[in-house]
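So you can see what is in the structure, the chains are spelled out below.
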Amino acid sequence: MTTQSAHAVSAPGKGNLKIVIGAVVAVAVIGAIAFDTKVVKIGSDGDVRQQAFSPESFGAEKFPAIQADVVKRAVPAAELATAIAADKKAAGEKYGVATTTGPVIPVTLTGTFSTRKSNTNEMKIDGLPPETVVRVQTGPAVNGTDLRDATGTIEFGQFTNQIQYQDAGSAINNEMKKTVFGGIDPEQLDGKTATVVGVFKLINPKNWLVTPVKVDVK
C-alpha cells in the first residue's frame, strides 16, 4: 500500500517536469527564430521587391555608358567599308565586339536619309560603294540586341534567365528611342542630311542595319 501511494504521488511530478521542459524548449526555439529574423520595412532597400529586376531601370542606367562607348570607338563608314572589303574577318576582329552571330561594329555615317520602310530609313552614305545598302533603325519598333552587345560588358551570366537577358536588350533599345528620337520625327527624315553614330552586326558586308546611339540632323 505504501509503495503504490508513493508511486501515485510522484507521477504528477514527472508530468509537470515534462511540461516545464517542453515549455523551455519552445521558448528557446522561438528565441532562436527571433534572433535570426530580420525585420524589413516595406519599401526599404532591404525589401525583396526592391531587388527584383527592372528592365526599365536597367535600360536607363546602361544606355548612357553604351552611347559614350560607341561614340568613342565609332569608325568612319568609308574606312570601315574599305577594311571589310579587304578582309571581313579581320575588320570584325579589329573594330567589333564578338557575338555568337557576328561582330557588332560601331560606325559613323554621314549622308542623306531617303526611303522610309517599316521601322527603318535608308541612308545614302558618302564614300561607300553604291552596292552597299545602309538602313538606320528609326522606330517606332527597334529590333535586335546590338546595343546590348555593343560593349561586350553585358553578359548572360549577369541575369537570372534568358528572359531577363532579352528584356535588358529591349529596355536599352527603348531608352535609345527616348534619348535619340525624342525630338526627331522619322517620317520627316527623307531628303535630310545627317550624321549618325551607331552599331551594326557584320553578317552581310553589303547590307548594314544600323541601330543608332546619336543622330544629328543638319
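Residues numbered from 1 in each chain as written. Predicted model: local features only at pLDDT ≥ 70, side-chain atom pairs only at ≥ 80, totals over all residues. Heavy atoms only, no water.

Quick notes on the pairing of strand β3 (residues 120–125)
Across five bridges, strand β2 (residues 104–117) lies against β3 in antiparallel orientation. Bridged to K117 within β3 is T120. Hairpin connection, β2 to β3: the antiparallel pair is bridged by two residues, and S118 has positive phi, about 55 degrees. By the bridge criterion, four bridges tie β3 to strand β4 (residues 133–137) in an arrangement that is antiparallel. When the bridges of β4 are listed, T120 appears paired with Q137. (Pairing = 2+ DSSP bridges. Helix = DSSP H or I, 4+ residues; strand = E, 2+ residues; numbered from the N terminus.)

Some remarks on the packing of helix α3 (residues 77–86) against helix α4 (residues 88–95)
Remark: α3 packs on α4, axes separated minimally by 5 Å, with the N-to-C direction vectors making an angle of 135 degrees. Here α4 runs oblique to α3, going by the angle between their axes. The residues of α4 that touch α3, namely those facing E79, L80, A83, I84 and A86, are K88, A91 and Y95. (Axes fitted to C-alpha atoms, helices over the stretch in contact; angles between N-to-C directions. Parallel < 35°, antiparallel > 145°, perpendicular 65-115°, else oblique. Contact = heavy atoms within 4.5 Å.)

Focus on α4
Of the positions making up α4, those classed as buried are A91, G92 and Y95. Take α4 and look down its axis: the buried residues cluster within an arc of 100 degrees, on one side only. Residues of α4 that are exposed and point more than 90 degrees away from the buried face comprise K89, E93 and K94. At its buried positions, α4 is contacted by α2 (55–73), β1 (75–76), α3 and β2. For α4, the N-terminal capping position is held by D87, with its side-chain oxygen 3.3 Å away from the main-chain nitrogen of K89. (Buried < 20%, exposed > 50% of the residue type's maximum accessible area, 1.4 Å probe, protein only. Arc of directions from axis to C-beta. Polar contact = N/O pair within 3.5 Å; in protein donor to acceptor, adjacent residues only side chain to side chain.)

Some points on unusual backbone geometry
Here the residue pair G139 and P140 is connected by a cis peptide bond, since its omega of 10 degrees sits within 30 degrees of zero. Positive phi values are uncommon outside glycine, yet S118 reaches one of about 55 degrees. For S118, the location among the structural elements is in the loop between β2 and β3. What makes S118 exposed here is its relative accessible area of 58%.

Digging into α2
Residue pairs spaced three or four apart in an α-helix point in one direction, given the helix's 3.6 residues per turn. Taking 1.5 Å as the rise per residue, α2 with 19 residues should run 27 Å; its terminal C-alpha atoms sit 26 Å apart, in good agreement. In the structure, α2 departs most strongly from a straight axis at K62, where the bend amounts to approximately 35 degrees and where the proline P64 lies between one and four residues downstream. Residues P55, F58, G59, F63, I66 and V70 constitute the buried set of α2. Where α2 is buried, its residues contact β2, α5 (146–149), α6 (162–180), β5 (193–201) and β6 (207–217). (Expected span 1.5 Å × (residues − 1). Bend = angle between axes of the 7 residues up to and from the residue.)

A few points about the packing of aromatic side chains
Counted under the stated rule, the structure contains six aromatic pairs. Ring plane angle 55 degrees and centroid distance 5.8 Å describe the contact between F53 and F58, whose orientation is recorded as tilted. Look at F53 and you get partly exposed, because its relative accessible area is 28%. Seen from their ring centres, F58 and F159 are 5.4 Å apart, and the 65 degrees between their planes marks the pair as edge-to-face. With F58 in helix α2 and F159 in the loop between α5 and α6, this residue pair connects regions lying 101 residues apart in the sequence. Judged on exposure class, the residue F58 and its partner F159 are both buried. Chaining the aromatic ring pairs together yields one cluster made of F53, F58, F156, F159 and Y165. Here the guanidinium or amino end of R148 rests over the ring plane of Y165, the centre of that ring lying 3.6 Å away. (Phe/Tyr/Trp six-rings, centres within 6.5 Å; stacked < 30°, edge-to-face > 60°. Lys NZ or Arg CZ within 6 Å of the ring centre and 35° of its normal.)

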